[in-house]
Amino acid sequence: MRCAAYSLAAIVVLAGGTRAEDKPVVVKLIKFSAPAPADWKSEKPSNRLRTYQFKLPGAKDHPEAELSIMNESLPGTDKNFPKWKATFVPPEGKTVDDISKTAKWEVPGATVNVLDVTGTWKYKERPLDKKETLLEDWRVIWVIVEEKDTDGTTLAHHIRLSGPSVTVAEHAKALEKWVKSLR
């Protein structure tokens, strides 16, 4: 019996059988969804604020990046962007605005605002943690997807790609393409 079970397992492997984890994760916001790229490895979210969490492959000789998605977050760049910029230490002689870039994208039915910062990041496991870790040459891309509900209320979703600047650079275009594919 054991031999038959091993033979069946070998046939499934050799035949290219698919496993549940091989299927792309479809990320669902309120009205929008899109399948995550194949190289985004789904993980259990590290805290209750996160709806989805992924590990993205590291650049050569660099650690992986992390992508987290928080549904139904606080809308607006006016409060969020300054708060997120304050988590970076600018190099001597520069301001955080010197190391930041913003962008605005349109997707059907939503407005997307982007904040991209590279430098020394004061990382906290959770927003209210007192302990922070300084991560040098780190890059964080924050994305706010804002959609209007049927009653006119703004619904916001926060997406954060963070990791070594080299690793994030390898995934930045794929993130933009994925966000723009939300339907």
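Residues numbered from 1 in each chain as written. Predicted model: local features only at pLDDT ≥ 70, side-chain atom pairs only at ≥ 80, totals over all residues. Heavy atoms only, no water.

So, the overall build of the protein chain
Step number 1: Scanning the protein chain from N- to C-terminus turns up three helices and ten strands.
Step number 2: Along its sequence from the N terminus, the protein chain presents helices and strands in the succession α-β-β-β-β-β-α-β-β-β-β-β-α.
Step number 3: Going through the 183 residues of the protein chain one by one, you find that 40% of them count as buried.
Step number 4: For the protein chain, the proportion of contacts with a sequence separation of at least 24, taken over those separated by at least 6, is 54%. (Helix = DSSP H or I, 4+ residues; strand = E, 2+ residues; numbered from the N terminus. Buried < 20%, exposed > 50% of the residue type's maximum accessible area, 1.4 Å probe, protein only. Contact = heavy atoms within 4.5 Å.)

Quick look at the packing of aromatic side chains
Step number 1: Taken as a whole and judged by the stated rule, the model has eight aromatic pairs.
Step number 2: Between W40 and F54 the ring centres are 5.4 Å apart and the planes differ by 55°, which places this aromatic pair in the tilted class. With W40 in the loop between β2 (33–35) and β3 (41–43) and F54 in strand β4 (residues 52–56), this pair connects stretches of sequence that are 14 residues apart. Pair check on accessibility: W40 and F54 agree, each one buried.
Step number 3: Seen in terms of ring centroids, F81 and W84 are 5.9 Å apart; in terms of plane orientation they differ by 40°. Their pairing is tilted. Separated by three residues within a single helix, F81 and W84 lie in helix α2 (residues 77–85), roughly one turn from each other. (Phe/Tyr/Trp six-rings, centres within 6.5 Å; stacked < 30°, edge-to-face > 60°.)

A few points about the environment of T118
Step number 1: Mapped onto the elements of the fold, T118 is located in strand β8 (residues 110–123).
Step number 2: Placed 18 residues apart in sequence, T118 and E136 show a C-alpha to C-alpha distance of 9.0 Å.
Step number 3: Setting aside residues no more than four positions away along its own chain, T118 makes contact with F88, I99, D137, W138, R139 and S165.

Quick look at the nonpolar core
Step number 1: Formed by 28 residues in total, the largest nonpolar core has its most connected members in L175, W178 and V179.
Step number 2: Secondary structure elements with two or more residues in this core: β4, β5 (65–73), β7 (100–107), β8, β9 (133–148), β10 (154–164) and α3 (165–180).
Step number 3: Here this core gets five residues from one element, more than from any other, and that element is α3.
Step number 4: Counting residues in hydrophobic clusters, the runner-up holds 15 residues, among them F81, V96, L115 and I144. (Core = buried A, V, L, I, M, F, W, Y, C linked by side-chain atoms within 4.5 Å.)

Let's talk about the pattern of salt bridges
Step number 1: The tally for this structure, following the rule as stated, stands at seven salt bridges.
Step number 2: In this structure, E66 engages R50 in a salt bridge whose closest nitrogen and oxygen atoms are separated by 3.1 Å. Taken together, the residues E66 in strand β5 and R50 in the loop between β3 and β4 connect sequence positions 16 residues apart. Side by side, E66 and R50 carry an identical accessibility label, which is buried.
Step number 3: Counted as one network, the salt bridges with shared partners bring together R50, K55, E66 and R160. (Salt bridge = Lys/Arg side-chain N within 4 Å of Asp/Glu carboxyl O.)

A short note on the side chain of N80
Step number 1: The topology assignment puts N80 in helix α2.
Step number 2: Engagement of the side chain of N80 in a polar contact is seen with the backbone oxygen of L74, the distance being 3.0 Å.
Step number 3: Once residues within four sequence positions are removed from consideration, N80 is found in contact with L74, P75, I144 and H158. (Polar contact = N/O pair within 3.5 Å; in protein donor to acceptor, adjacent residues only side chain to side chain.)

Some remarks on the pairing of β10
Step number 1: Among the eleven residues of β10, ten are classified as buried, and the element is accordingly described as predominantly covered.
Step number 2: Taken together, the six bridges between β5 and β10 define a ladder with antiparallel strand orientation. Bridging from a neighbouring strand, S68 pairs with R160 of β10.
Step number 3: As paired elements, β9 and β10 share eleven bridges and run antiparallel to each other. Residue pairing across strands places I141 opposite L161, the latter belonging to β10.
Step number 4: Where β9 folds back onto β10 in an antiparallel hairpin, the turn is made up of five residues, including G152, whose phi is positive at roughly 90°. (Pairing = 2+ DSSP bridges.)

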